[in-house]
Amino acid sequence: MKITIIHGQSHEGSTCMVARELADKVGGEIREFFLPRDFSMPCLGCYTCFKTDLTHCPHYKELKPLVEAILEADLLILESPVYVYHATGQMMSFLDHFGTWWVVHRPLAEMSRKQAVAISTAAGGGMKSTARDMADSLEMWGIRKVYRLGFGVQALKPDEIPQRILKSIHRKTDRLAKRIRANDGKRGCNGRAKTWFTLMRFAHKHFPPMEPDYSYWEKRGWHGGNRPWRSV
Ligand SMILES: Cc1cc2nc3c(=O)[nH]c(=O)nc-3n(C[C@H](O)[C@H](O)[C@H](O)COP(=O)(O)O)c2cc1C
């Protein structure tokens with residue numbers, strides 16, 4: 001299985017440790033990127049991607065290796081430590097670049113054969129909101145299956161994590177790795193993205209066309225009977 005990990009920080013702490021443990025247990029070819037070390041630009045709000053496409057983004061040269069690794073992956077892992085109850089600023093800045101991939105704009109059909117995991121660790125609280133920050137994008141990109149994994153590690157670095165929490169990390173990563181392996185190679189769309197696809201399809205048919213989104217859908221037959229999760 002091809003696995004891409006995007007780390008929401010540039011150091012190898014507790015969250016990195018959990019992400020690597022899961023990836024190792026799933027097994028396969030693993031590629032890793034660290035933010036902001038491997039991509040540090042905030043979205044400029046120029047709307048170039050919405051008016052044309054992502055390849056015209058002023059940051060595309062720097063973004064391209066990460067985009068390619070995401071597109072090649074069977075399993076995508078986004079991870080972030082909890083910083084003031086949310087994902088790190090650099091993770092959010094990175095995700096801002098993919099607005100056009102959301103199912104309400106121009107979703108990529110290949111997302112329907114991928115699985116993804118949003119991982120967060122906190123000293124005590126904010127794991128859910130942080131995992132959600134990343135899962136929002138993963139789900140709205142139309143990734144077939146999106147899992148969330150959060151741990152309150154009661155620590156500021158990995159060697160301070162209490163044994164019983166480490167055990168829980170080992171147990172939960174074991175279980176999730178098994179599920180991911182069992183679901184490999186399947187195709188589909190998560191329920192949230194499917195609902196938004198249906199709503200947008202209705203909007204396209206009943207309101208003035210928004211370009212270039214409308215033509216993108218038309219070309220792929222999505223206004224007719226075809227669907228992104230059937231066409232790859
Ligand atoms: C700027 C900053 C903000 C933080 N905010 C929170 C927080 O809101 N809630 C919490 O429980 N821990 C918070 N922490 C602690 C980390 O989330 C926690 O130690 C995490 O496991 C660190 O992961 P890492 O080793 O991958 O960096 C914060 C740490 C930093 C540096």
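What comes next is a walk through the structure. (Residues numbered from 1 in each chain as written. Predicted model: local features only at pLDDT ≥ 70, side-chain atom pairs only at ≥ 80, totals over all residues. Heavy atoms only, no water.)

1. Side note on the overall build of the protein
Line of reasoning, step 1. Scanning the protein from terminus to terminus reveals 8 helices and 5 strands.
Line of reasoning, step 2. Computed over the C-alpha atoms, the radius of gyration of the protein is 18 Å, within 12% of the 17 Å expected from 2.2 N^0.38 for a compact globule of 232 residues.
Line of reasoning, step 3. With the principal axes as the frame, the protein shows a C-alpha extent of 60 × 40 × 30 Å.
Line of reasoning, step 4. Residue burial in the protein is summarised as follows: out of 232 residues, 50% are buried. (Helix = DSSP H or I, 4+ residues; strand = E, 2+ residues; numbered from the N terminus. Rg over C-alpha atoms; globule rule 2.2 N^0.38 Å. Buried < 20%, exposed > 50% of the residue type's maximum accessible area, 1.4 Å probe, protein only.)

2. Let's talk about the site of the ligand
Line of reasoning, step 1. The immediate surroundings of the ligand are formed by 17 residues, with His-11, Thr-15, Val-82, Thr-121 and Gly-124 found nearest.
Line of reasoning, step 2. Between an oxygen atom of the ligand and a main-chain N or O atom of Tyr-85, the distance comes to 3.0 Å.
Line of reasoning, step 3. Backbone polar atom of Gly-124 to an oxygen atom of the ligand: 2.7 Å apart, as the coordinates give it.
Line of reasoning, step 4. Alone, the ligand offers 660 Å² of accessible surface; in the complex the protein occludes 74% of this.
Line of reasoning, step 5. Mapped onto the shell around the ligand, the elements with two or more residues apiece are helix H1 (14-26) and strand E4 (115-122). (Near = heavy atom within 4 Å. Polar contact = N/O pair within 3.5 Å; in protein donor to acceptor, adjacent residues only side chain to side chain. Areas by Shrake-Rupley, 256 points an atom, 1.4 Å probe, with all protein chains shown as cover.)

3. What about the packing of aromatic side chains?
Line of reasoning, step 1. This structure, assessed with the given rule, holds 11 aromatic pairs.
Line of reasoning, step 2. The interplanar angle of 70° and the centroid separation of 6.1 Å between the aromatic rings of Phe-39 and Phe-94 together place this pair among those described as edge-to-face. Pair noted here: Phe-39 is in the loop between strand E2 (29-34) and helix H2 (48-51) and Phe-94 is in helix H4 (residues 89-96), with a separation of 55 residues, a long-range link.
Line of reasoning, step 3. The exposure class assigned to Phe-39 is buried, which follows from its relative accessible area of 3%.
Line of reasoning, step 4. In this structure an aromatic cluster arises from ring pairing among Phe-39, Phe-94, Phe-98, Trp-101 and Trp-141.
Line of reasoning, step 5. Sitting over the ring of Tyr-216, Arg-220 keeps its end group 3.6 Å from the ring centre. (Phe/Tyr/Trp six-rings, centres within 6.5 Å; stacked < 30°, edge-to-face > 60°. Lys NZ or Arg CZ within 6 Å of the ring centre and 35° of its normal.)

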